[in-house]
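Now for the letters of each chain:
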Amino acid sequence: MGGLLGRALRPLSMVASAGVLALVVAACGGSPSSSTSKSPFVVGFANPLTGSEATYGVSDLNAVNMAVEALNAQGGVAGHKIQLISCDTKADPATGIACAHLFVSDKVNAVIGFFNSDISIPASGILNQAGIPMVSGASTNPQLTLQGFKNVFRVCGTDNFQGQVEAEFAYKVLHVRTAVAINDEETYGQGVSQYFAQNFTKLGGRVLSSQGVNASATDFSSLLTQIKGLNPGIIQFGGFNPAAGLLVKQARSLGITAPFISDDGTIGPLFYQTGGSATVGAYLSSEPAPQDLATSRTFVSDYVKKYGNQPTEFAGYNYDVMELLGHVVQTEGSTSAAAIIKGLAATHDYKGITGVINFDSVGNNITPQYLIYKVQPDGSSTVYWNPNA
Amino acid sequence: MSPSEILQQIVNGLVVGSVYGLIALGYTMVYGIIRLINFAQGALYELGAYLGVAVFGLLGTFATRNPILGLVVAVICSALATAAGAYLVERVAYRPLRSAPPLTPLVSSLAVFFLVISIIQVVTGAQPLTYPQVLSPRPWNLGPVTLTPTEVMIAVVAIALMVAVNFYVQHTKTGRAMRAIAANTRSAPLMGINTTRIVTITFMLGGAMAAVAGVLFGINYGTVTYNMGEFGGLVAFTAAVLGGIGNVPGALVGGLTVGVFSSFATVVLPNQWQEAVVFGILIAVLAFRPQGILGERVADRA
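Draft legend 1. Quick peek at unusual backbone geometry. Residues and elements named next belong to chain A. The omega torsion of the bond from Gly 113 to Phe 114 falls at -5°, within 30 degrees of zero and hence cis. Among the secondary structure elements, Phe 114 is positioned in the loop between β4 (110-112) and α5 (117-130). Of the consecutive residues Asn 241 and Pro 242, the connecting peptide bond is found in the cis state with omega at 0°. Even without being glycine, Asp 349 reaches a positive phi, approximately 50°. Position of Asp 349 relative to the elements: it lies in the loop between α13 (337-345) and β12 (350-351). In this structure Asp 349 comes out as partly exposed when scored by relative accessible area, which is 36%.

Have a look at this one:
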């Protein structure tokens, strides 16, 4: 139905994206019988709602809807009922950018999104020109907040911060003093690895070697033989599978017993599938699943009660983004873009369900959480260390 | 670099190299008899690896309970099925072009290569598939070097097969026919040799060896990817050229040499240069010694 409605309303040029457009009008929000005379607080939400990453996007949408319903049940924020306009990015940059244009033409007051960093970054430029505030609860690429845009914020962590948490864990918890940092020569893996090395050195550790590997290579025995000779206290890898699984498997085959640590590009079933029993005991840094955060317990149980399944990794952050936007409009008393951007920048110790939120000068959350997980004998990963606990 | 590290790098290189040598056999034998560089060989290697996954999947719990027997079954089934695939490729893509200019079947072989890899990608998706752990992952410390039982098995099986193929070419009637065709394609039929049949056997034997290499690769790394045939095929081609294309023992020599070279490449250069070194060898051999290491033994060409 959303598709038909969209086709009737949009000009021809938007027909292509109209099929993916779904209007979700929150309870009472758009109803003419609404008691409030104030204009609605219109929030655009963009995530992958269909396709291979839909599990995340749909869960994020569910979480945001929960927050919208709760806020509207209290009479809205500063007298404004919240109206959500949701747009499916299909995890495809072109479709995602069409969502950004849609938000601009619909004159939304704020945007929650996007999910994929490669959409968030170009879309943030479009929203910046239109002066619309944008808060992402899932895009972790550092570049997003390094473009000099005043309208862009994120509550989730950055890839770089993961490297820092890994370094602290290695130095303070495992008490290792030497490390080898390997990355897959891609933006994400290089970032994590580089920040691991920097922070490990800053703490007083010594990085014996930093090496790049080809992400599609399968044989790392030559590199690992050199690493074995260096006898490091820990092996850090920034990148994805199958490289991560193959590395740890071949390291164990060569008799290297040093602990192995990798990141949220690696966490998941494929790591255990490729590395087998060699991955058991490996450490993985990752943003917490809502189920693993004490502050998210009520959210998780409400979510499960309402939707009948578990929220995914970024659902808690998206819930926080909606609640935070509501809080900002409430305090500023206005839904204008300028007021929201000012309010977001001034956020001080906002207590969300994923933790305390404060933004730095570029719009990154200063205290995002990353946890260290440990791979169990059955291949699952459980929380091993919480840096904030 | 400590002596034990040097030794370990040599051993790493020999294990990887023996697999490349096995794939190189197919290149070298086909080139030896019909002067065709059969680029489809890399795809057959990948096909063999994927068929191995399929066989393990079909065996299900039987393979979990009898891993070694499962491996034997997987190797044999994959080799037979890939040999059948090689027959099909030869029949469809090369035999009709037997009298065409030499470049035509070469292009045809590249087409087969991409066709097979694309089919594998479509059928399995781009996700890597995994092999079961057949032998214990616990490494052995053999003096200064560390090896897993799997690695030892791979080197032994690959080298034994290469020796067996060499014996077959040198000491059997079919092998003699192969050498006769290699020596003179036109006069061999006059000696009563069924050229078509011998060429088919050569293709199938090469395909079967590539399949064994594919399964051994899968067992060793535990993971196979839809593009493994691209790199594997090109490295094996380098091995064949380095050993002297057309020369059966040259495949073994070339494979082991490429393996050890690429193993040491990362000692002097950053790790990501490993592949560049392999292809640097290919260019250097083609430029300075196109006949390869053993290539001058023309009489031995199979």
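Draft legend 2. Region of the structure containing the packing of aromatic side chains. Residues and elements named next belong to chain A. According to the stated counting rule, one finds 26 aromatic pairs over all chains in the structure shown. When the ring of Phe 161 is compared with that of Tyr 370, the centres are 6.0 Å apart and the planes differ by 40°; the resulting orientation is tilted. Placement of Phe 161 in helix α6 (residues 159-173) and of Tyr 370 in the loop between β13 (356-357) and β14 (371-375) is noted, with a sequence separation of 209 residues between them. With relative accessibility at 0%, the residue Tyr 370 sits in the buried group. Taking the centre distance of 5.0 Å and the plane angle of 50° together, the rings of Phe 299 and Tyr 319 count as tilted. Placement of the pair is Phe 299 in helix α11 (residues 297-307) and Tyr 319 in helix α12 (residues 315-332), with a sequence separation of 20 residues. The buried category is assigned to Phe 299, whose relative accessible area is 4%. Relative accessible area serves as the criterion here: at 14%, Tyr 319 is assigned to the buried category. Grouped by ring-pair contacts, the aromatic residues Tyr 56, Phe 115, Phe 314 and Tyr 317 constitute a single cluster. The lysine or arginine in question, Arg 177, covers the ring of Tyr 171, its NZ or CZ lying 3.6 Å from the ring centre.

Draft legend 3. View of the nonpolar core. Ranked by size, the top nonpolar core spans 112 residues in total, and within it Ile 182 of chain A together with Leu 22 of chain B carry the most contacts. Not counting chain neighbours up to four residues away, the residues in contact with Leu 22 of chain B comprise Ala 158, Leu 161, Met 162, Met 209, Val 212, Ala 213 and Leu 216 of chain B. One finds Leu 61, Val 155, Ile 357 and Phe 359 of chain A within the second-largest nonpolar core, a separate group that totals 42 residues.

Draft legend 4. Structural detail: the domain arrangement of chain A. For chain A, the assigned domains are domain 1 (2-157 + 293-357) and domain 2 (160-286 + 371-385). Centre-to-centre separation of domain 1 of chain A and domain 2 of chain A, based on C-alpha positions: 34 Å.

Draft legend 5. Representation of the state of the cysteines. Residue and element names in this part refer to chain A. Considering all chains together, one arrives at one disulfide over all chains under this definition. Paired by a disulfide, Cys 87 and Cys 99 hold their sulfur atoms 2.0 Å apart. Its S-S torsion of approximately -80° makes the covalent link between Cys 87 and Cys 99 left-handed. Within this pair, whereas Cys 87 is found in strand β3 (residues 82-88), its partner Cys 99 is found in helix α4 (residues 93-105), the two being separated by twelve residues in sequence. Comparing Cys 87 with Cys 99 shows no difference in burial state: the two are buried. Take Cys 156: it sits in no disulfide, and the sulfur closest to it among the cysteines is that of Cys 99, at 18 Å.

Draft legend 6. Representation of the pattern of salt bridges. Scanning the model with the defined rule gives four salt bridges over all chains in all. Here Lys 306 of chain A makes a salt bridge to Glu 69 of chain A, at a shortest N to O gap of 3.0 Å. Taken together, the residues span a long stretch of sequence, with Lys 306 of chain A in helix α11 and Glu 69 of chain A in helix α3 (residues 54-73) at a distance of 237 residues. For Glu 90 of chain B, the salt bridge identified is with Arg 95 of chain B, shortest N-O distance 3.1 Å. Using a relative accessible area of 0% as the deciding quantity, one classes Glu 90 of chain B as buried. Judged by relative accessible area, which is 23%, Arg 95 of chain B ranks as partly exposed.

What counts as what
- Residues numbered from 1 in each chain as written.
- Chains lettered and ligands numbered in written order.
- Predicted model: local features only at pLDDT ≥ 70, side-chain atom pairs only at ≥ 80, totals over all residues.
- Heavy atoms only, no water.
- Helix = DSSP H or I, 4+ residues; strand = E, 2+ residues; numbered from the N terminus.
- Buried < 20%, exposed > 50% of the residue type's maximum accessible area, 1.4 Å probe, protein only.
- Phe/Tyr/Trp six-rings, centres within 6.5 Å; stacked < 30°, edge-to-face > 60°.
- Lys NZ or Arg CZ within 6 Å of the ring centre and 35° of its normal.
- Core = buried A, V, L, I, M, F, W, Y, C linked by side-chain atoms within 4.5 Å.
- Contact = heavy atoms within 4.5 Å.
- Domains from an automatic or database assignment.
- Disulfide = S-S within 2.5 Å.
- Salt bridge = Lys/Arg side-chain N within 4 Å of Asp/Glu carboxyl O.

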